[in-house]
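Here are the chains, one letter per residue:
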Amino acid sequence: MTDLNTAPNLTDADGFYEALIAAHKDLTPEQSTALNARLILLLANHVGDRDILLAALKNARETGR
Amino acid sequence: MADIFEQALYPYRRSADQDAAAPVRHPVIVVGAGPVGLAAALDLTLKDVPVLLLDDNDRVSTGSRAICFAKRTLEIMDRLGCGQPLVDKGVTWNKGKVFFDERKVYEFDLLAEAGHRRPAFINLQQYYFEAVLLERLRELEAEGRPVEIRGRNKVTGVTRDDSGVQLTVETPDGPYSLDADWLIACDGAKSPIRSFMGLDFHGRVFEDNFLIADVKMDADFPTERWFWFDPPFNRGQSALLHKQPDGVWRIDLQLGWDIDREMEMREENVIPRLKAMLGEEAEFSLEWISIYTFQCRRMERFAHGRVLFAGDSAHQVSPFGARGANSGIQDADNLAWKLKLVLDGAAPESLMESYNRERVQAADENILNSTRSTDFITPKSDISRIFRDAVLNLAEDHPFARPLVNSGRLSLPTAYVGSDLSGEDALPGGPERTRPGAPAVDAPVGGGWLLERLGTDFILLGLNTSLPDMPGGDTLPVTVLTIEIEDDRLGALRERYLGRNEQAVYLIRPDQHIAARWPAHDRKAISAALAAATGGMS
């Protein structure tokens, strides 16, 4: 089983972050939330692996509360 | 002629039991002549178990109610001798469409595989389903089989002890008492018997209302299941359109929780809703209107001594997925052969505990599936609705999102995985779908079908291998059946039962679930599996 990779893995971290914010440009909070939902579903399908997805959900839930 | 649901098909007649000095004792009393009670009574009657069927009514149900009957139900009805009239009368369908807002986002076809006698589903009004089973019961009665149905016999009290069950029954001529060795309670979601016995019924209530309308019209909609999320004609809610026989269409409209039920039921309010959906110019008449709310819950146990609960009395699901009546029929299917063996002394009474375990497992599977569907169809939080809409938006262009669209996961039979009735799975690389616990999968054999060859006893099936007769002296009837692979017209038998093996031996229960399988005949192993499958006695 592969573990959830929480080590740095983005090829261009600053570039990705900029693109992420830009994707939400001019959207209302409701539209942004909908975009985020579609994004999560697209990425989740790409990952596929159930254990990794559940680990990511757990991690996200437990961080920053 | 009046519609079938307006006729007293089993009118009240005074029974000699009502004049008896002491309560007359019956081996099996079934309470409730709905689909599940009728199926249980038929199954036991065919096994020559004397059955008394009591119903508080004298006719079949009004309204379409459980309209979708699944392939497994039809296969069980074939075993009970009335599958064909159901299929002849029913509307066969395999395809469905899902709409979101004004767009079609997804289409599906349930019949991906050839080589099955019965279709994935038929639509048939519950009153026709009940009428066909009732007619079959009458046929068996006319043949002299030990079955009796008593209309307008309302059970008003139940007590039980170790030796059996005592009932009080109200009739137009007043009350009388009956005793039963076994009582099968198929008396519906509000089960009076469950209340008399003070038994629990826990689960989740869904705070929503659905308007159901049976609409008679000449329309050229295709024979498909159409489901809408958030359509223009029912904003923020869902809708379902389904075809039934006789030009009757079933429409389900979600209304939300905070409504005035009495107002919504009025024709003057229903008609505009339907016109918004079907078009202003649509001409139709209303056959039946109902508003329902639903719950997903089950009894903690389905077997309480010699009282067995089956169907809605034991478990309720949301309607999405057609898992109510279809799972109730499987309860009856699971129960009848076990009760027969117990009554014959061929299995210990504890065998009935396996009914409890296997059907509780099935109920949990059905409740899980229907709860998930309900949460998708009627999101319970803002974020749940946001993800639901995201899935629907993505589904239009992206195949990956389509399996996430959940407008009901349609009823499939439960495989009793891990049941202590299941014996060994000794067939190397045997197909997953026919592993022990699973229902036997149909396949074409010669000019007929595998399932119709199985009959109602335990079956020892030799595929491409001939088997010796079972040794005599057993209390258990086991039918030995050999099928040669040249009878396998489509290669379906090989694919569904052999895998890469050249031959196999299957032990199949009377409810057509697989008990065990081996690569070759092994008398000791077969005896052990048979003992396990009958609760450890034979």
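Residues numbered from 1 in each chain as written. Chains lettered and ligands numbered in written order. Predicted model: local features only at pLDDT ≥ 70, side-chain atom pairs only at ≥ 80, totals over all residues.

On to the overall build of chain B. Scanning chain B for helices and strands turns up 13 helices and 25 strands. Rg of the C-alpha trace for chain B: 24 Å, near the compact-globule value of 24 Å for 538 residues, within the 12% margin. Its C-alpha atoms put chain B at 70 × 65 × 45 Å along the principal axes. Looking at chain B residue by residue over its 538 residues, the buried ones come to 46%. Restricting the contact set of chain B to residue pairs at least 6 apart, pairs at least 24 apart contribute 72%. (Helix = DSSP H or I, 4+ residues; strand = E, 2+ residues; numbered from the N terminus. Rg over C-alpha atoms; globule rule 2.2 N^0.38 Å. Buried ≥ 20, exposed ≤ 12 C-beta atoms within 10 Å, placed from the backbone. Contact = placed C-beta atoms within 7 Å.)

It is worth spelling out the overall build of chain A at this point. Looking only at helices and strands, one finds three helices and zero strands in chain A. For chain A, the N- to C-terminal ordering of α and β elements is α-α-α. For 65 residues, the compact-globule estimate of 2.2 N^0.38 gives 11 Å, and the C-alpha radius of gyration of chain A, at 14 Å, exceeds that figure by more than 25%. In terms of overall dimensions, chain A has C-alpha extents of about 40 × 25 × 25 Å along its principal axes. Each of the 65 residues in chain A was classed as buried or not, and the buried ones make up 2%.

The partner chain B presents nine residues to the six residues of chain A that form the contact. For the side of chain A that touches chain B, the per-class residue count stands at three nonpolar, two polar and one charged. (Nonpolar A, V, L, I, M, F, W, Y, C, P; charged D, E, K, R; others polar.)

Residues and elements named next belong to chain B. The pairing of strand 9 (residues 154-161) with strand 10 (residues 164-171) spans seven bridges and is antiparallel. Looking at strand 10, one finds that Gly-157 is bridged to Thr-168. Here strand 10 pairs with strand 11 (residues 174-185) via seven bridges, running antiparallel. Bridge pairing in strand 11 places Thr-168 opposite Ser-177. (Pairing = 2+ DSSP bridges.)

Okay, the domain arrangement of chain B next. How large an interface is tends to be reported as the accessible area lost when its parts come together. All names here are of chain B. Structurally, chain B comprises domain 1 (2-90 + 119-202 + 297-366) and domain 2 (432-533). For domain 1 and domain 2, the distance between their C-alpha centroids amounts to 29 Å. Taken together, the contact pairs ten residues of domain 1 with ten residues of domain 2. Sort the elements by how many residues they give to the side of domain 1 that touches domain 2 and helix 2 (residues 71-79) lands first, with four residues. Here the side of domain 1 that touches domain 2 is composed, by residue class, of three nonpolar, one polar and six charged. (Domains from an automatic or database assignment.)

Okay, the nonpolar core next. Considering soluble globular proteins, one finds that nonpolar side chains tend to be buried as a cluster. Residue and element names in this part refer to chain B. Residues Ala-40, Ile-184 and Leu-308 are the most contacted members of the largest nonpolar core, which totals 86 residues. Contacts of Ala-40, omitting those with residues within four sequence positions, involve Val-30, Ile-184, Cys-186, Ala-310, Ala-332, Leu-335 and Ala-336. Core analysis: the second largest hydrophobic core is formed by 30 residues, Leu-450, Leu-454, Leu-498 and Trp-518 among them. (Core = buried A, V, L, I, M, F, W, Y, C linked by C-beta atoms within 7 Å.)

Turning to the sheet that holds strand 4 (residues 91-93) of chain B, a few remarks are in order. Residue and element names in this part refer to chain B. Read across the sheet, three strands follow the order 3-7-4 without closing on themselves; strand pairing throughout is antiparallel. Of all the strands in the sheet, the pair left with one neighbour each is strand 3 (68-70) and strand 4. Across the sheet, the mean angle separating the axes of adjacent strands is 30 degrees when strand polarity is ignored. Bridge count for strand 4 against strand 7 (residues 121-123) is three bridges, and the pairing is antiparallel. By the bridge assignment, Trp-93 is partnered in strand 7 with Phe-121. Against the sheet, helix 2 contacts strand 3 and strand 7, and its axis sits at roughly 70 degrees relative to strand 3. (Axes fitted to C-alpha atoms, helices over the stretch in contact; angles between N-to-C directions.)

Helix-helix packing is described using two parameters, namely the angle between the two axes and the distance between the axes. Residue and element names in this part refer to chain B. At a minimum axis distance of 10 Å, the contact between helix 1 (residues 35-46) and helix 4 (residues 126-142) shows a crossing angle of 20 degrees. When the axis of helix 1 is compared with that of helix 4, the two are roughly parallel. Regarding helix 1 and helix 4, the two cross each other, and that crossing is left-handed. Of helix 4, the residues touching helix 1 (which contributes Pro-35, Leu-38, Ala-39, Ala-41, Leu-42, Thr-45 and Leu-46) are Gln-126, Phe-129, Glu-130, Leu-133, Leu-134, Arg-136, Leu-137 and Leu-140. Here the contact of helix 1 with helix 4 is composed, by residue class, of eleven nonpolar, two polar and two charged. (Parallel < 35°, antiparallel > 145°, perpendicular 65-115°, else oblique. Left-handed = near helix turned anticlockwise from the far one by under 90°.)

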